[in-house]
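Understanding the architecture of this molecule
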Amino acid sequence: MNVNTAIGAKVKQKRTERKMTLKQLGEKTGLSVGFLSQFERGLSSIALDSLEKISRVLETPLSELFEEQVRPPYCDPVAHGINLHAESINERVYQSSLKVPGGEFHMSPRIYTVLPAAGEEQLPDTRSHKGEEFVYILEGAITLLMDGKEFTLYAGDSIQIQAGKEHTWINHSANIVKLLAVNLILY
């Protein structure tokens, strides 16, 4: 969870604990209901002076809004798309984890965004995993290299890859590729 989302969630928690509506909070802080709603959902950032106004109205020290909770009393079991954060794997590949915090699962689901290779001839390094991997192409077309062979996968195609099998993929097309990959984690 990013900082804006965490602070927004904490403000919402404090506001609802005080049985205060967004309209009431808006009237007392001079901030619009629309802005407060977006802020509580992590869709917009907030200036420090506005956050200070909110903390005074909610009778909560400003520092408490920045404190991280070790584990929330209730953990939403849904991985909401709005909360996805893309991390760079390299200059052409980004991943977003779909794993829910606090869950003790044996699968690691991720969405990958693979940018076009831009005419590069050098193939990415092959890799293997301890666990099995399932890949489903959401959009675009990608080339999978495995066992010395090339396989082209298009939107709607999928493949299961055995544990320990060396493989890599490259986007030879001119379009972005999005794929879902689920790894079975072996302990």
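Just so we're clear, the structure is a prediction, and the values are computed from it rather than from any experiment.

A separate point is the sheet that holds strand S3 (residues 107-114). Overall, antiparallel pairing links the six strands, which are arranged S1-S2-S3-S9-S4-S7 in an open sheet. Across the chains shown, the open sheet's two edge strands, defined by having one partner strand only, are strand S1 (86-90) and strand S7 (158-161). In this sheet, adjacent strand axes meet at a mean angle of 25° when their direction is disregarded. As judged from the eight bridges shared by S3 and strand S9 (residues 177-184), these two strands associate in the antiparallel manner. Its bridge partner being in S9, tyrosine 112 is matched across the sheet by leucine 179.

The strand order across the open sheet formed by three strands is S6-S5-S8, and the pairing between neighbours is antiparallel. Edge positions in the sheet fall to strand S6 (149-154) and strand S8 (167-170), since each has one partner strand and no second. Averaged over all adjacent pairs, the angle separating strand axes in this sheet is 25°, with direction ignored. Here four bridges tie strand S5 (residues 141-146) to S8, and the two strands are oriented antiparallel to one another. Across the sheet, the residue bridging to leucine 144 is tryptophan 169, located in S8.

This part takes up the packing of aromatic side chains. Scanning the entire structure with this criterion turns up two aromatic pairs. Relative to phenylalanine 39, the ring of phenylalanine 35 lies with its centre 6.4 Å away and its plane at 10°, an arrangement referred to as stacked. Highlighted residues: phenylalanine 35 and phenylalanine 39, both in helix H3 (residues 33-40), separated by four residues, approximately one helical turn. An angle of 70° between the planes, with centres 5.6 Å apart, marks the rings of tyrosine 112 and tryptophan 169 as edge-to-face. Residue tyrosine 112 is found in strand S3, and its partner tryptophan 169 is found in strand S8; the two are separated by 57 residues along the sequence. Taking relative accessible area as the criterion, tyrosine 112 reaches 9% and is therefore assigned buried.

Cut-offs and rules
Residues numbered from 1 in each chain as written. Predicted model: local features only at pLDDT ≥ 70, side-chain atom pairs only at ≥ 80, totals over all residues. Heavy atoms only, no water. Pairing = 2+ DSSP bridges. Helix = DSSP H or I, 4+ residues; strand = E, 2+ residues; numbered from the N terminus. Axes fitted to C-alpha atoms, helices over the stretch in contact; angles between N-to-C directions. Phe/Tyr/Trp six-rings, centres within 6.5 Å; stacked < 30°, edge-to-face > 60°. Buried < 20%, exposed > 50% of the residue type's maximum accessible area, 1.4 Å probe, protein only.

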